[in-house]
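Here is how the chains run, residue by residue.
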Amino acid sequence: MNSIIRGAIVGTLITVALVACAQPSGESASTDSAIAAKFGDNVITVAEVDAAAGGQLVGLYQQIYQVKDQQLRQMIYTKLVEEAAAAEGIESSAYLEREIIAKVAEPTEPQIQQVLNQYRSQLPPDEAQARQQVLAFLTQQGRVQQETLLRDKLFAAADVQLMLDPPRVSPVVKANDPKKGSADAPVVLIEYTDYQCPYCVRAQPTIAAVLERYGDSVVHVFKNLPLPMHAQAKLAAEAALCAGDQGKFWEMHDWLFSNKDNISHDTLAAQAEALSLDVPIFTTCVNDGTHRQQVDDDMKEANSFGIRGTPGFVINGRVLSGAQPLDQFIAVIDDELRRKGLPVPGAAQVEAAPES
């Protein structure tokens, strides 16, 4: 079977495996003060080990949380299905057959042809076999969608409240950090980015969609993480902050992403003039490295959270790495709003499709 479609199908069927691991720091105050080692007159606490390990632990804690969260949701779902089936005097299997399997629509010919055409070179050469695999994939996708609808309905009816708290880091939002949105927003979305990173460029429409969707509920805070492989990324980061000194940060920010392969002192000066900046002041700011320390501080902070590639995001202290699709941002932000007892926008229409 085509590995792309197989992966998409298997991904929907995988059950969460429990892993044996140490309890993350922060879950217990007594753990933080516990002694990890003694030698001579020296004592090292668990908290000191955690601080020294820093960003290396963040990803592990996130994985632990994800396993626990998925297992918890599955336990709740199983119990709610059992209760709903019992209320109707039927078995859980019969209830699921009616609520999921029976509601899966037959794949339409346009849907079949779309997948066949998109992945034809990776499917078996035999047309019948290829079609059979595509039908199986689309049918399974339909089952997953119906199960998601049922799960959401049961959770809403039962007023499920999830209290398992995710691991969080503690970024510092400074007064001079560029921002979009209200400082009082209940959700703080911090972006660590590189102006010459193609994945960061791709992430910009997603961030715009997040801000449009949530309005005053989200404040977007911009921070820098120029990577060593991108020769002009640090210059670009400092230049954008210099433009910000004259009230044109976001205009320079947009230009830099649109011209990531054409960044130099000359092009920056030309763009500063196009933005009606005081060019001598802008140039002096860039040449003197006025905002170099701010950029360095952003980089150190991101690295301390285990964010070493770009883009990286922190949403109310929750780390989200990479140019994630919109639905991943929605899942985290909706969860944060629910935890605060705040209204959540209507369900997003995020189309699922096999990934290349």
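This section reports on the structure supplied with the text. Model, not experiment: these values are computed from the prediction.

### A short note on the pattern of salt bridges
Logical step 1: Taken as a whole, this structure holds 21 salt bridges when the rule is applied.
Logical step 2: Measuring nitrogen to oxygen at the nearest pair gives 3.7 Å for the salt bridge that ties Lys 174 to Asp 177.
Logical step 3: The network of salt bridges with shared partners includes Asp 165, Arg 168, Arg 318, Asp 335, Glu 336 and Arg 339.

### As for helix α6 (residues 109-119)
Logical step 1: Where α6 is concerned, the buried positions are Ile 112, Val 115, Leu 116 and Tyr 119. Angular distribution of buried residues about the axis of α6 spans 100°; they occupy a single face of the element. Exposed residues lying more than 90 degrees from the buried face of α6 are Pro 110 and Asn 117.

### Points about a nonpolar patch on the surface
Logical step 1: Taken together, the side chains of Phe 39, Ile 44 and Val 49 define a hydrophobic patch exposed on the protein surface, amounting to about 240 Å² of accessible area.
Logical step 2: Here Val 49 lies in helix α3 (residues 46-53).

### Here's the deal with the sheet that holds strand β5 (residues 218-224)
Logical step 1: Read from one edge to the other, the open sheet built from 5 strands follows the order β3-β5-β4-β6-β7, with strand pairing classed as mixed. The sheet is open, and its two edges are formed by β3 (179-180) and β7 (318-321), each paired on a single side.
Logical step 2: Note that strand β6 (residues 312-315) and β7 share 4 bridges and pair antiparallel. Pairing of Ile 315 across the sheet is with Arg 318, part of β7.
Logical step 3: Helix-sheet contacts for helix α10 (residues 249-258) involve β3, β4 (187-193) and β5, and the interaxial angle to β5 is about 65°.

### Description of the side chain of Thr 206
Logical step 1: On the secondary structure map, Thr 206 appears in helix α8 (residues 198-214).
Logical step 2: With near-sequence residues (within four places) excluded, Thr 206 lies in contact with Gln 324, Pro 325, Leu 326 and Phe 329.

### Digging into the packing of helix α9 (residues 233-245) against helix α12 (residues 279-287)
Logical step 1: For the pair α9 and α12, interaxial distance at closest approach is 9 Å and the crossing angle is 140°. In terms of axis orientation, α9 runs oblique to α12. Where α9 crosses over α12, the handedness of that crossing is right-handed. The residues of α12 that touch α9, namely those facing Leu 235, Glu 238, Ala 239, Cys 242, Ala 243 and Asp 245, are Phe 282, Cys 285 and Val 286.

### Concerning the state of the cysteines
Two cysteines form a disulfide when their sulfur atoms are joined by a covalent bond.
Logical step 1: Applying the stated criterion to the full structure yields 1 disulfide.
Logical step 2: Two residues, Cys 242 and Cys 285, share a disulfide whose sulfurs are 2.1 Å apart. For the disulfide bridge between Cys 242 and Cys 285, the dihedral angle about the S-S bond is near -85°, and by the sign convention the bridge is left-handed. Residue Cys 242 is located in helix α9, and its partner Cys 285 is located in helix α12; the two are separated by 43 residues in the primary sequence. An identical accessibility class is assigned to Cys 242 and Cys 285; each is buried.
Logical step 3: Free of any disulfide, Cys 197 has its nearest cysteine sulfur in Cys 200, 3.2 Å distant.
Logical step 4: A residue is classified by how much of its surface remains accessible, and Cys 197, at 3% relative accessible area, is buried.

Thresholds applied
- Here the residue index of a chain counts from 1 through its sequence in written order.
- Given that the model is predicted, a residue must reach a pLDDT of at least 70 before its local features are reported, and side-chain atom pairs must reach 80 or more before they are shown or counted; all residues, however, enter totals for whole chains, interfaces and linings.
- To get the side-chain values, all heavy atoms of the structure are used, and hydrogens and water are removed first.
- We define a salt bridge as a contact between a side-chain nitrogen of Lys or Arg and a carboxyl oxygen of Asp or Glu at a distance within 4 Å.
- Each residue gets one of three labels from its accessible area relative to the maximum for its type: buried under 20%, exposed over 50%, partly exposed in between, using a 1.4 Å probe on protein chains only.
- The helix count covers DSSP runs of H or I at least four residues long, the strand count covers runs of E at least two residues long, and both are numbered beginning at the N terminus.
- Note that the arc is computed from the directions linking the helix axis to the C-beta atoms.
- Distance thresholds for patches are 9 Å for like charges and 5 Å for nonpolar side chains (Val, Leu, Ile, Met, Phe, Trp, Tyr), applied to residues having over 30% relative accessible area and no salt bridge.
- Here, Shrake-Rupley sampling with a 1.4 Å probe gives the accessible areas, and only protein chains in the shown set may cover a residue.
- We call two strands paired when DSSP finds no fewer than two bridges between them.
- The criterion used for residue contact is that any of the two residues' heavy atoms lie within 4.5 Å.
- Angles here are taken between N-to-C directions and fall from 0 to 180 degrees, while the axes themselves are lines fitted to C-alpha atoms, restricted in helices to the stretch in contact.
- Should an angle fall under 35 degrees it is called roughly parallel, over 145 degrees roughly antiparallel, and 65 to 115 degrees roughly perpendicular, with every other angle called oblique.
- The handedness criterion is simple: a crossing whose near helix is rotated anticlockwise from the far helix by less than a right angle is left-handed, and one whose near helix is rotated clockwise is right-handed.
- For the purposes of this analysis, a disulfide is any pair of cysteine sulfur atoms at a distance within 2.5 Å.

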